[in-house]
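# Structural overview for review
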Amino acid sequence: FLLIQKYKYLLYDGLLPTCPWLRNTYHMFSFKNYDGLVVRSATKVTADIINATDNLKIIGRAGTGVDNVDVDAATKKGVIVMNTPSGNTISAAELTCIMLMNLSRNVPQATMSMKQGNWDRKKFMGSELFGKVLGIVGLGRIGKEVASRMQSFGMKTIGYDPITPPEVSASWGVEQMSLEKLWPQCDYITVHTPLMPSTVGLLSDETFALCKRGVKVVNCARGGIIDEAALLRALESGQCGGAGLDVFVEEPPKDRSLVNHPNVISCPHLGASTKEAQARCGEDIALQIVDMVKGKNLIGAVNAQVLASTFSQESHQLIKLGEAVGAVLQSCSASPKAPWSHVQITTQGEVIGYVAKALWLPLVVYM
Ligand SMILES: NC(=O)C1=CN([C@@H]2O[C@H](COP(=O)(O)OP(=O)(O)OC[C@H]3O[C@@H](n4cnc5c(N)ncnc54)[C@H](O)[C@@H]3O)[C@@H](O)[C@H]2O)C=CC1
Ligand SMILES: O=C(O)C(=O)COP(=O)(O)O
């Protein structure tokens, strides 16, 4: 796991996020011999990188979103992709709440104005959060934490999630409903889903049109869940009254139209950038990897349960058995008497089903 150390060095010297060429070249030349790789969100672990490795067994994401990792390519190569699902939940939830508060009271804009020597009280008239409706799209770990914090400000929290059962979210004060019902009710909307095909453009021209005029939106999840071009159009028409953005489709964004819009407040993907979250995620990923290597727990694996079971102690024995049978069959098939007409294997013991599975593959391969 030397790479973890090297990687840390490169991350912290500030070179990686700003120099994609160096980042990719570095990967291609140095990956071959490593067993594990640990990344944050800025590093794209592409199929090319994964396929250029010889020994890679695990890609650890010290954080939540794994959209920067080609999980399918990893699965095909038998590489486990693992995240630290809860290490930065509180930090991301807190930043979301800070965005909501700042959208309601224009603190960043007022601060800029003060620094320019102004004293403009009229321009920055705000509105209370108390009594307003907050729509939370994605009621997982972060969505839940955002809900409880904003309830303490007196907001009514409604939401939508295709997996979290309505009775579960109701137990933490979030009434679930379809998105069609949700959009027109919200004064504020915040998204907390992973980035995947079904969540790209959840807020689009069509859905902004269904919202209350002046709705304010927050995206501390992933760039693209709120369609950026549609958001700009909605801000310009007044359909959207303000946006708090921590994430962008392209990071850093080359097109600054959204960032420069007067009703947009933004951060350079700071949701997980707290001392506490970084310590937790760093520690979590290290412990999770050590546990996996020792054949103990497998926590945070996001790809194929099948892959996960490959690393259990029980599977190790069966894989060894499969290899041994394969070796015997290979030597038989190399003998002058081959090909043989049939093979009879006798097994004994309680785990016949598993053993049969371990024997099946070498038989298919060698017969
Ligand atoms: N800005 C930042 O630094 C950070 C951003 N994130 C982002 O936040 C996302 C959410 O994180 P967690 O809450 O920890 O994940 P989670 O997995 O606990 O929750 C995600 C929820 O989204 C729901 N979901 C999936 N598809 C949906 C859809 N079409 N509509 C509505 N809900 C849908 C899932 O059912 C799940 O309940 C991460 O995937 C990551 O991209 C996470 C941490 C820090
Ligand atoms: O955990 C996540 O999903 C994040 O977006 C945080 O990303 P980071 O680790 O700060 O690059």
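Just so we're clear, the structure is a prediction, and the values are computed from it rather than from any experiment.

Around ligand 2, the structure places Arg40, Ser41, Ala42, Gly63, Thr64, Gly65, Asn88, Gly271, Ala272 and Ser273. Of the residues assigned to the shell around ligand 2, the class counts are two nonpolar, seven polar and one charged.

Moving on to helix H12 (residues 228-237). Residues of H12 that are buried: Glu228, Leu231, Ala234 and Leu235. Seen end-on, H12 carries its buried residues on one side only, within an arc spanning 120 degrees. Projecting away from the buried face of H12 at angles above 90 degrees are the exposed residues Glu236 and Ser237. For H12, the secondary structure elements touched by its buried residues are helix H11 (205-210), strand S9 (240-245) and strand S10 (264-266). Phi for glycine 238, located one or two positions after H12, is positive at around 90 degrees.

Bringing the site of ligand 1 into the picture now. Every one of the 31 residues lining ligand 1 counts as a neighbour, but Gly65, Gly140, Ile142, Ile163 and Gly271 are closest to it. Of all the secondary structure elements, the ones that give two or more residues to the shell around ligand 1 are helix H6 (89-105) and helix H8 (141-151). Of the residues assigned to the shell around ligand 1, the class counts are 13 nonpolar, 14 polar and four charged.

A few words now on the sheet that holds strand S6 (residues 175-176). Across the sheet, which stays open at both edges, the seven strands sit in the order S6-S5-S4-S7-S8-S9-S10 with parallel pairing between neighbours. Unpaired on one side and paired on the other, S6 and S10 mark the two borders of the sheet. Inspection of the sheet shows S9 paired to S10 by three bridges, in the parallel sense. Counterpart to glycine 244 in the pairing with S10 is isoleucine 265.

Definitions and cut-offs
- Residues numbered from 1 in each chain as written.
- Chains lettered and ligands numbered in written order.
- Predicted model: local features only at pLDDT ≥ 70, side-chain atom pairs only at ≥ 80, totals over all residues.
- Near = placed C-beta within 6 Å.
- Nonpolar A, V, L, I, M, F, W, Y, C, P; charged D, E, K, R; others polar.
- Buried ≥ 20, exposed ≤ 12 C-beta atoms within 10 Å, placed from the backbone.
- Helix = DSSP H or I, 4+ residues; strand = E, 2+ residues; numbered from the N terminus.
- Arc of directions from axis to C-beta.
- Contact = placed C-beta atoms within 7 Å.
- Pairing = 2+ DSSP bridges.

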